[in-house]
Amino acid sequence: MHLHQFSFLAALAGAIQPVVAVPHSSRAQEGQCKKTTVAILGGGIAGISAAQALHNASVHDFAILEYRDTIGGRAWHVPFGEDKDGKPYTIEMGANWVQGLGNPGGPQNPIWTLAQKYHLKTHYSNYDNISTYNEHGYKDYSHLLEEYDNAYDIANMRAGEILSQNLQDQSAQSGMALAGWNPKKHDMEAQAVDWWKWDFEDNFTPLESSLVFGCAGDNLTSNTFSDHDNFVTDQRGFNILIKEMASTFLKKNDPRLHLNTQVEEIEYSKDGVTIHNSDGSCVSAAYAICTFSLGVLQNDAVKFTPKLPDWKQEAIQKFTMGTYTKIFMQFNETFWPTDTQYFLYADPTTRGWYPVFQSLSMPEFLPDSNIMFVTVTNEFSWRAERQGDEKTKAEIMDVLRKMWPDKNIPEPTSFLFPRWSTEPWAYGSYSNWPPSTTLEMHENLRANNDRLWYAGEATSPTYFGFLHGAWFEGQDAGRNIAAIMQNRCVNAKESKLRECGPRRHYETLKGTSPLADYTAVNGWTANSFYDSNTD
Ligand SMILES: Cc1cc2nc3c(=O)[nH]c(=O)nc-3n(C[C@H](O)[C@H](O)[C@H](O)COP(=O)(O)OP(=O)(O)OC[C@H]3O[C@@H](n4cnc5c(N)ncnc54)[C@H](O)[C@@H]3O)c2cc1C
Ligand SMILES: *[C@@H]1O[C@H](CO)[C@@H](O)[C@H](O)[C@H]1NC(C)=O
Ligand SMILES: *[C@@H]1O[C@H](CO)[C@@H](O)[C@H](O)[C@H]1NC(C)=O
Ligand SMILES: *[C@@H]1O[C@H](CO)[C@@H](O)[C@H](O)[C@H]1NC(C)=O
Ligand SMILES: *[C@@H]1O[C@H](CO)[C@@H](O)[C@H](O)[C@H]1NC(C)=O
């Protein structure tokens with residue numbers, strides 16, 4: 001009976017999506033799996049960009065396997081609240097800014113290129129347009145913003161020296177302290193500024209972030225393109241770009257796109273990759289590109305067979321995946337100043353406590369919407385996720401009443417925030433580099449395991465955390481695989497690729513202190529390591 005039911009469902013699934021379904025218990029033989037040349041795991045921007053790069057290189061035999069019922073990944077929007085006609089607004093749970101647009105004549109951020117092509121509605125996000133508050137209401141401590149910026153310029157220059165001379169990295173916190181920005185633990189206004197200037201972008205504290213790669217990442221996006229960021233309010237949703245991009249090579253109901261398909265196991269070897277899905281179906285491919293988030297990889301949500309080598313496992317666990325939470329509120333009126341984009345709140349006891357409110361109820365964003373949102377990260381995100389809507393809402397209302405003590409602030413009519421840390425297809429928001437990471441360590445995150453390649457936001461050394469990072473990584477993986485298959489990597493000069501062929505990895509990552517340093521003079525005594533390794 002059970003077996004019968006199972007095969008019926010499996011057959012049905014097979015009829016809808018032409019992936020041959022097989023009972024999971026009898027491990028699918030490669031011969032029974034649907035065959036494709038390249039399996040693209042995930043339909044976020046990296047997966048779609050990889051598919052487009054393959055298409056551009058005349059590789060049309062690929063299959064995109066996507067967990068959800070739509071493409072777009074972490075560019076994810078939902079309906080929220082309502083307008084005057086009772087129609088819901090569209091708000092972005094994930095990516096919300098096009099970051100670093102590009103200067104006229106200079107290189108353009110590919111996301112901005114797409115935004116222009118598809119007339120995405122965006123508006124300049126002016127981070128200088130910020131008012132400062134503490135628990136007694138408005139208080140001007142904007143001079144601290146300038147102090148931070150001055151120190152950052154110095155720290156950034158030093159970071160550049162460290163990078164170019166291959167010196168030892170440090171935390172962004174120590175780099176900033178050495179450059180003159182050293183906020184005291186109890187100076188909560190300085191702590192609020194510190195949060196706004198660092199955590200708001202990087203998702204982690206300066207103590208948890210690499211100085212070198214934090215600054216380099218910032219440089220690469222703002223110098224390569226521009227330091228202009230636009231906020232997206234397009235009511236079609238930000239991921240309309242990804243859908244439009246996909247429609248240039250995927251037909252409606254294209255059999256190569258498999259939605260509602262959860263990959264459970266990836267079997268990789270030198271000869272190919274077999275992917276097993278939770279519905280019992282499987283795909284056997286010559287190559288695969290895994291674009292799952294670092295959170296998915298860190299949470300063992302997918303099984304790798306054989307077990308990933310140590311160098312890959314270390315890389316996966318070494319980088320960090322943050323949780324970045326926008327908490328949306330709609331009110332029956334706009335009780336906050338209508339001419340300012342950002343409001344910074346310094347809580348008297350806790351850094352990161354509902355620190356930045358952002359108004360959408362402005363002519364350039366969602367006019368007369370009475371919508372604002374507040375952003376929290378990591379422990380405050382997890383706390384909000386654990387305690388739920390009501391307690392979180394009450395805490396925010398308490399903050400708002402402190403910021404505007406003279407106002408009679410109504411309860412929100414709509415209230416919503418995503419649970420990024422538990423979304424089984426993301427397990428977090430975006431990645432970061434912790435202090436003292438090296439490029440070689442990152443190369444290990446990016447490197448392929450035999451025929452299994454990786455792409456996505458986290459594999460980008462230059463633009464990690466951004467949509468454009470994921471776009472470039474998808475393109476790079478797609479191009480490389482096409483070039484390998486078409487034997488274009490034989491003569492590197494022939495191919496226009498910067499780099500062609502399998503990616504490099506480092507079996508051994510080296511520290512910087514030679515064994516000769518471990519001496520009594522350096523205090524290295526009374527230790528078995530010393531006893532057995534010297535003299
Ligand atoms: C809250 C938040 C704010 C952000 N803000 C910005 C911003 O303002 N600007 C910016 O540029 N970037 C921002 N980002 C980052 C940006 O969203 C990501 O860099 C980008 O979307 C990542 O694309 P990707 O293709 O690498 O990964 P994803 O979009 O995660 O795509 C991976 C796909 O794989 C699928 N998948 C996962 N597991 C499985 C499985 N087991 N089986 C099958 N499919 C699976 C997922 O459903 C997903 O569709 C933000 C992200 C978040 C979460
Ligand atoms: C594919 O080619 C088109 C047309 O030249 C280009 O606009 C697009 O960016 C290319 N896609 C990728 C991922 O390289
Ligand atoms: C923000 O910009 C608006 C419009 O230019 C201006 O009126 C307002 O004073 C600015 N607010 C802050 C805090 O800079
Ligand atoms: C960032 O750019 C600035 C200005 O060009 C430069 O001085 C600095 O060294 C760069 N920093 C890094 C980490 O690359
Ligand atoms: C909003 O609701 C509050 C009560 O919750 C009420 O006092 C106020 O007048 C309302 N504002 C508008 C503009 O209707």
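Criteria and cut-off values
Each chain has its residues counted from 1, running along the sequence as written. As they are written, the chains are lettered A onward and the ligands numbered 1 onward, keeping that order. Per-residue local features are limited, in this predicted model, to residues with pLDDT of at least 70; the limit for side-chain atom pairs, both in listing and counting, is 80 or more; totals at the level of whole chains, interfaces and linings are taken over all residues. Derived side-chain values reflect all non-hydrogen atoms in the structure, with water molecules and hydrogen atoms excluded from consideration. Lines fitted to C-alpha atoms define the axes, with helix axes restricted to the stretch in contact, and inter-axis angles between N-to-C directions lie between 0 and 180 degrees. Helix and strand labels come from DSSP, where a helix needs a run of H or I of at least four residues and a strand needs a run of E of at least two; each type is numbered from the N terminus. For classification purposes, an angle smaller than 35 degrees is called roughly parallel, one larger than 145 roughly antiparallel, one from 65 to 115 roughly perpendicular, and anything else oblique. Note on contacts: a residue pair is in contact if any heavy atoms of the two residues lie within 4.5 Å. For this classification, Asp, Glu, Lys and Arg are treated as charged, while Ala, Val, Leu, Ile, Met, Phe, Trp, Tyr, Cys and Pro are nonpolar and the rest, including Gly, are polar. Burial status follows relative accessibility: with a 1.4 Å probe on protein chains alone, a residue under 20% of its type maximum counts as buried, one over 50% as exposed, and anything between as partly exposed. When charges are counted, Lys and Arg are positive and Asp and Glu negative, with His and the chain ends excluded. Salt bridges are defined as contacts in which a side-chain nitrogen from Lys or Arg sits within 4 Å of a carboxyl oxygen from Asp or Glu. Only when DSSP finds a minimum of two bridges between them are two strands counted as paired. UniProt positions are given in the numbering used here, feature names are shortened, and annotations may be inferred rather than shown by experiment. Proximity is defined per residue: if any heavy atom of the residue lies within 4 Å of a molecule or strand, that residue is considered near it. What qualifies as a polar contact is a pair of N or O atoms within 3.5 Å, subject to a donor-acceptor requirement within protein and to the restriction that residues adjacent in sequence count only when both atoms come from side chains.

## Side note on the packing of helix 3 (residues 110-117) against helix 13 (residues 467-485)
No. 1: Put simply, helix 3 and helix 13 touch, their axes get as near as 8 Å, and they point 100° apart. One finds that helix 3 runs roughly perpendicular with respect to helix 13. Side by side, helix 3 and helix 13 meet where P110, I111 and L114 of the first sit next to L467, H468, W471 and F472 of the second.
No. 2: Along the lines of polarity and charge, the residues of the contact of helix 3 with helix 13 split into 6 nonpolar, 1 polar and no charged.

## Details of the side chain of E385
No. 1: Looking at where E385 falls in the secondary structure, it is placed in helix 11 (residues 378-403).
No. 2: Despite being buried, E385 has no salt bridge partner; R419 is the closest side chain of opposite charge, sitting 6.3 Å away.
No. 3: Excluding anything up to four places from it in sequence, E385 contacts T323, F417, P418, R419, W420, S421 and T422.

## What about the sheet that holds strand 17 (residues 342-346)?
No. 1: Across the sheet, which stays open at both edges, the 7 strands sit in the order 8-7-17-18-19-16-20 with mixed pairing between neighbours. A strand with exactly one partner marks an edge of an open sheet, and here the two such strands are strand 8 (137-138) and strand 20 (414-416).
No. 2: As paired elements, strand 16 (residues 324-330) and strand 20 share 3 bridges and run antiparallel to each other. Bridge pairing links Q330 to S414 in strand 20.
No. 3: The sheet contacts of helix 11 involve strand 7 (130-134), strand 8, strand 16, strand 17, strand 18 (356-359), strand 19 (371-377) and strand 20, and relative to strand 19 the element is tilted by about 130°.

## What about the pattern of salt bridges?
Two side chains of opposite charge can pair, provided their charged atoms sit close to one another.
No. 1: Summed over the entire model, instances satisfying the criterion amount to 18 salt bridges.
No. 2: For the salt bridge of E395 with R383, the shortest nitrogen-to-oxygen distance reads 2.9 Å.
No. 3: Here D398 and K402 are joined by a salt bridge, their closest N and O atoms 3.3 Å apart. Pair noted here: D398 and K402 are both in helix 11, with a separation of 4 residues, about one helical turn.
No. 4: Residues joined by salt bridges that share partners form a network here, namely R446, E473, D476 and R503.

## Things to note about the UniProt feature "domain: Amine oxidase" (unreviewed entry) in the chain
No. 1: The feature "domain: Amine oxidase" (unreviewed entry), as given by UniProt, occupies residues 45-481 in the numbering adopted here.
No. 2: Secondary structure content for residues 45-481 is 34% helix and 20% strand, and the end C-alpha separation is 18 Å.

## A word on the site of ligand 4
No. 1: Contacts to ligand 4 come from N156, M157, A159, G160, V212, C215, A216, N219 and N223.
No. 2: N219 is positioned such that a nitrogen or oxygen atom in its side chain is 2.3 Å from an oxygen atom of ligand 4.
No. 3: Put simply, the parts of the chain that give the shell around ligand 4 at least two residues each are helix 4 (143-164) and helix 7 (211-224).
No. 4: For the shell around ligand 4, the leading source of residues is helix 7, giving 5 residues.

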